[in-house]
Amino acid sequence: MARKLLVVDDEKLIVKGIRFSLEQDGYEVDVAYDGEEALEAVEGTKYDVILLDVMLPKMSGFEVCQQIREFSDTPIIMLTAKGDDMDKILGLEYGADDYITKPFNILEVKARIKAIIRRNARKESDNTSKTPVVTDYGTFKLDTEDGKAYVDGKEVSLTAKEFDLLELLVVHPGKVYGRDQLLAKIWGESYLGDARTVDVHIRRLREKIEKNPSEPKYIHTKWGVGYYFES
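Draft legend 1. Representation of the confidence of the model for the protein chain in the model. Per-residue confidence for the protein chain averages 86 on the pLDDT scale, and 91% of its residues sit at or above 70. Within the protein chain, the lowest mean pLDDT, 72, falls on strand 6 (residues 134-136), and the highest, 97, falls on strand 1 (residues 4-8).

Draft legend 2. Quick peek at the pairing of strand 10 (residues 219-222). Here four bridges tie strand 10 to strand 11 (residues 226-229), and the two strands are oriented antiparallel to one another. Paired with His220 across the strands is Tyr228, a residue of strand 11. A loop of three residues connects strand 10 with strand 11, the two strands running antiparallel in sequence, and Gly224 in this loop sits at a positive phi of about 80 degrees.

Draft legend 3. Focus on the packing of aromatic side chains. Inspection of every chain in the model, using the stated rule, returns four aromatic pairs. A centroid spacing of 5.6 Å and a plane angle of 25 degrees characterise the contact between Phe62 and Tyr94, whose relative ring orientation is stacked. Of this pair, Phe62 sits in helix 3 (residues 61-68) while Tyr94 sits in the loop between helix 4 (85-93) and strand 5 (98-101), and the two are 32 residues apart along the sequence. With relative accessibility at 11%, the residue Phe62 sits in the buried group.

Rules used throughout
Residues numbered from 1 in each chain as written. Predicted model: local features only at pLDDT ≥ 70, side-chain atom pairs only at ≥ 80, totals over all residues. Heavy atoms only, no water. pLDDT = per-residue confidence, 0-100. Helix = DSSP H or I, 4+ residues; strand = E, 2+ residues; numbered from the N terminus. Pairing = 2+ DSSP bridges. Phe/Tyr/Trp six-rings, centres within 6.5 Å; stacked < 30°, edge-to-face > 60°. Buried < 20%, exposed > 50% of the residue type's maximum accessible area, 1.4 Å probe, protein only.

Below you can see the structure in the form of structure tokens.
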């Protein structure tokens, strides 16, 4: 079955080029030219990956990303302005999984898409073959079979990357992972992002599962080394 993608950008020539190139590789591609069209598309269709530009009419890419994350964990790759680090960081803050700077090479776009699809397929395969684990720390619980986390009995909304990161830390309690290790394990060896990607995701996880994110009970920092989980 062909993988289904959504490309969201108000520059129609760019969309046309991306769509043509991706369809040549066998993908099914839908397009949207503003934020409202994008939300309507995602609400009605299940996509494997969403390419989402930051600068859009009607709603910004950040707003679209944030609203999508309220009901879907579909991987989102943000398209950001060249050299604008704040766009990249904000995209991650709002729940994006990856980002690519404009102008970009279509081969890079394809490589990022393939990497995300490959990781998700591998994760699904792993989940069917491994013994389900429910880690329960009283107020916090992680269910690796359902891919869900709970705080005080209520499900916590996590993106795919947030869950992968949390799962890695939880199933290896006390093990300290450096930022580069986490980038390689969660985002893949070919990922071109930097350590701030990890830092942003750790901060978001703390805000979601810790009662006091500034004094975390579960996700700890070993200064100068990395992060680890401890109950």
